[in-house]
Amino acid sequence: MGWNTLDDMELGAKRVLVRVDVNVPVENGVVTDDTRIRRIVPTIHDILASGGRPILLAHFGRPKGKHVPEMSLRPLVPALEAAFGVPVLFCADCRGPAAEAAVATLKDGQVLLLENTRFHAGETANDPGLAAEMAALGDIYCNDAFSAAHRAHASTEGLARLLPACAGRLMQGELSALETALGNPQRPLVAVVGGAKVSSKLELLGNLVEKVDTLVIGGGMANTFLAAQGIDVGKSLCEHDMTDTARTIIAKAQGTGCHILLPGDVVVARDFKAGAANETVGADACPADAMILDAGPETVARIVTALESAKTLIWNGPLGAFEIPPFDRATNAAASKAAELTKAGQLVSVAGGGDTVAALNQAGAAQAFTYISTAGGAFLEWMEGKTLPGVAALGG
Ligand code: ADP
Ligand code: MG
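Asks: I would appreciate a short explanation of the overall build of the protein in the present structure.
Replies: Per the secondary structure count, the protein includes 15 helices and 17 strands. Taken against the 2.2 N^0.38 rule, which gives 21 Å for 396 residues, the C-alpha radius of gyration of the protein at 23 Å falls within 12% of a compact globule. The C-alpha extent of the protein, read off along each of the three principal axes, is 70 × 40 × 40 Å. Here the protein holds 396 residues, and the buried ones make up 56% of them. A separation threshold of at least 6 residues defines the contact pool for the protein, and within that pool the share at least 24 residues apart is 73%.

Asks: It is not clear to me how the site of ligand 1 should be interpreted in this structure. Could you clarify?
Replies: Residues in close proximity to ligand 1 total 17 residues, the closest being K201, I292, E323, D355 and T356. Within the side chain of K201, one N or O atom sits 2.7 Å away from an oxygen atom of ligand 1. T356 has a polar side-chain atom sitting 2.4 Å from an oxygen atom of ligand 1. Coverage of ligand 1 by the protein amounts to 84% of the 580 Å² it exposes when considered alone. A molecule is said to occupy a pocket when more than half its atoms come within 2 Å of that pocket's grid points, and by this definition ligand 1 occupies the largest pocket. When residues of the shell around ligand 1 are traced back to their parent elements, those giving at least two are α9 (219-228), β14 (291-295) and α13 (354-362). With three residues, α13 is the largest single contributor of residues to the shell around ligand 1. Residues of the shell around ligand 1, tallied by class, amount to six nonpolar, eight polar and three charged.

Asks: So what exactly am I meant to see when it comes to the domain arrangement of the protein here?
Replies: Where interface size is quoted, it is often the accessible area lost as the parts come together. In terms of domains, the protein is made up of domain 1 (6-168) and domain 2 (185-383). Between the C-alpha centres of domain 1 and domain 2 the distance comes to 37 Å. Between domain 1 and domain 2, the buried area comes to about 530 Å², and carbon and sulfur atoms account for 54% of it. Contact with domain 2 buries area across many residues of domain 1, yet R39, F146 and H150 alone supply 82% of it, more than any other trio. Where domain 1 meets domain 2, there are zero salt bridges. Run the count over domain 1 and domain 2 and you get two residue pairs in polar contact (both at pLDDT 80 or more). Class assignment for the residues of the side of domain 1 that touches domain 2 results in one nonpolar, two polar and two charged.

Thresholds, definitions, all that
- Residues numbered from 1 in each chain as written.
- Chains lettered and ligands numbered in written order.
- Predicted model: local features only at pLDDT ≥ 70, side-chain atom pairs only at ≥ 80, totals over all residues.
- Heavy atoms only, no water.
- Helix = DSSP H or I, 4+ residues; strand = E, 2+ residues; numbered from the N terminus.
- Rg over C-alpha atoms; globule rule 2.2 N^0.38 Å.
- Buried < 20%, exposed > 50% of the residue type's maximum accessible area, 1.4 Å probe, protein only.
- Contact = heavy atoms within 4.5 Å.
- Near = heavy atom within 4 Å.
- Polar contact = N/O pair within 3.5 Å; in protein donor to acceptor, adjacent residues only side chain to side chain.
- Areas by Shrake-Rupley, 256 points an atom, 1.4 Å probe, with all protein chains shown as cover.
- 1 Å grid on protein atoms, 1.4 Å probe; cavity = no way out; pocket = protein on both sides within 12 Å on 5 of 7 lines; lining within 4 Å.
- Sits in = over half its atoms within 2 Å of the grid points.
- Nonpolar A, V, L, I, M, F, W, Y, C, P; charged D, E, K, R; others polar.
- Domains from an automatic or database assignment.
- Buried area = accessible area lost by both parts, 1.4 Å probe.
- Salt bridge = Lys/Arg side-chain N within 4 Å of Asp/Glu carboxyl O.

Okay, structure coming up:
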């Protein structure tokens, strides 16, 4: 892999600028879910254990270059202290004289949290001046915010180019999981792509047909592919203006030898609500007044067969309207199978996407997956085959 990790850096007595994602929910000044904070603990502990002094840089919300008191990082200090088990100092600016003074007073065994980087317009503009001011505060740069790596901002990109740079533990875990799943995977490689729309996942589908052996297309976007084959999908969610695009993707897959697996049977209903009366019909037999809300059992059996012969799975997007049972069945069944095969050591399984993570949690399968990415936009851009600026700046 082309990027440094903390193991490659000489950290003793060094000021280490650590870019983290601590966009946690805060209610009345109290952190209500510290998941994101807990995920950066290994990085902070490893830096402290090597005698380094962690100085945290982070954005919070979208203050648009202005000082917005409600978007201050200060209320996070108690939650950070609880998670790290060491004192966390705070400075109300991420640059300039105040930050320099705070860094100068920082002692071994302490952590310094700097104020929201997005209080400066230069952050999202990737202003070289702001990056230089931040670089003056440290000796080493460590990026542990994969979820912000798709943005070329001063604290994620510009700064990384000014100091010796490395990936933090969370970033390292994410990058190696993604590399294992799509960069250099064990084959056969199966991708499951579902969700609502083709239009939001066009580039992703285009990239995957070049890389995967089998592409399972499910969810609402499968309806567009069915319509592209001249099938009447009734009242189903369907982007009729995207059928040409769907045909292009199918043609591209034929060229690359990627096998596309579309639903052969589907679960249809007249109402989009939990417990709605439903029936299973052939994919070409959706009644004119009904909509396709899930893949049927025969399709699930074909997905299961594909998973059983696969060595690697990459998954984004639920196979049906999983929020409203019983239209969560195909997603649950495929998720359970992937979990079982992963536990048996037969499959490397990587998944990401906001609704996908929710669906896999709901299916009770997330724990067993090899890696679950919570990075959202960065994960999707990576699945699209894009170079993430924050990763590229680490030399990867
Ligand atoms: P992610 O957030 O994991 O990237 P998406 O946002 O693309 O996933 O898709 C998730 C949404 O797709 C869910 O809200 C789900 O209800 C919807 N969906 C899946 N299948 C269907 C379908 N057949 N009809 C309507 N909506 C669907
Ligand atoms: Mg979503």
